Each structure stands twice: as C-alpha cells, then as structure tokens.
Amino acid sequence: MCKLMDDFRNEVARETGIRTTIDTARQFGASEEAILGNIMGKFNLSESEARSYMLKKSA
C-alpha cells in the first residue's frame, strides 16, 4: 500500500509542477512553443503529452 501511495503522491507532485510551470511561463509572456519545449525537456514528456497539458491549462 505504501508504494501505491508514494506513486500517487509523486504523480500529483509531477502534475502540479507541470501546471505551475505552464502558468508561470504564460504570466511572463513566454510563447506557447517555448513553454511546450520547456515542459517536454523538464518533465521528459513526449510532444503529444506536453500538448495535452497545454490544452488542459488553457481550458
């Protein structure tokens, strides 16, 4: 059970980090392509995963 909770906590922290990065970059006027590249590199996301997060954030 502890491993399951640790995995869940880590995934929540990762998603929070991604969302915070997107929000902060938008507040500072970064282009969508720059944000996309940043979260792909920082969080090891594929382009489709990164775009999915970008769409979730803009909704």
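What counts, and at which threshold
- Residues numbered from 1 in each chain as written.
- Predicted model: local features only at pLDDT ≥ 70, side-chain atom pairs only at ≥ 80, totals over all residues.
- Heavy atoms only, no water.
- Phe/Tyr/Trp six-rings, centres within 6.5 Å; stacked < 30°, edge-to-face > 60°.
- Lys NZ or Arg CZ within 6 Å of the ring centre and 35° of its normal.
- Helix = DSSP H or I, 4+ residues; strand = E, 2+ residues; numbered from the N terminus.
- Core = buried A, V, L, I, M, F, W, Y, C linked by side-chain atoms within 4.5 Å.
- Buried < 20%, exposed > 50% of the residue type's maximum accessible area, 1.4 Å probe, protein only.
- Contact = heavy atoms within 4.5 Å.
- Expected span 1.5 Å × (residues − 1).
- Arc of directions from axis to C-beta.

A. Spatial organisation of the packing of aromatic side chains. One pass over the structure, following the stated rule, counts 0 aromatic pairs. A cation sits over an aromatic face here: Lys56 above Tyr53, 4.7 Å from the ring centre.

B. Unusual backbone geometry, seen in detail. At Asn44, a position not held by glycine, the phi torsion is positive, near 55°. In this structure, Asn44 sits in the loop between α2 (32–43) and α3 (47–58).

C. Summary view of the nonpolar core. Of all hydrophobic cores here, the largest spans 11 residues; its members are Ile18, Ile22, Ala25, Ile35, Leu36, Ile39, Phe43, Leu45, Ala50, Tyr53 and Met54. Mapped by element, the contributors of at least two residues to this core are α1 (2–27), α2 and α3. Ranked by residues supplied to this core, first place goes to α2 with 4 residues. If we skip the residues at most four places from it in the chain, Leu36 touches Glu47, Ala50, Arg51 and Met54.

D. Here's a closer look at α1. Between the first and last C-alpha of α1 there are 37 Å, a value that for 26 residues agrees with the 38 Å anticipated at 1.5 Å per step. For α1, the set of buried residues is Ile18, Thr21, Ile22 and Ala25. Looking at the residues trailing α1, positive phi occurs at Gly29, about 80°.

E. Quick peek at α2. The end-to-end C-alpha distance of α2 is 16 Å, a good match for the 16 Å that 12 residues give at a rise of 1.5 Å each. For α2, every residue scored as buried is listed here: Ile35, Leu36, Ile39 and Phe43. Down the axis, α2 shows its buried residues gathered within 100° of arc, on one side only. Residues of α2 that are exposed and point more than 90 degrees away from the buried face comprise Glu33 and Gly41. With its phi angle positive at about 55°, Asn44 sits one or two positions after the end of α2.

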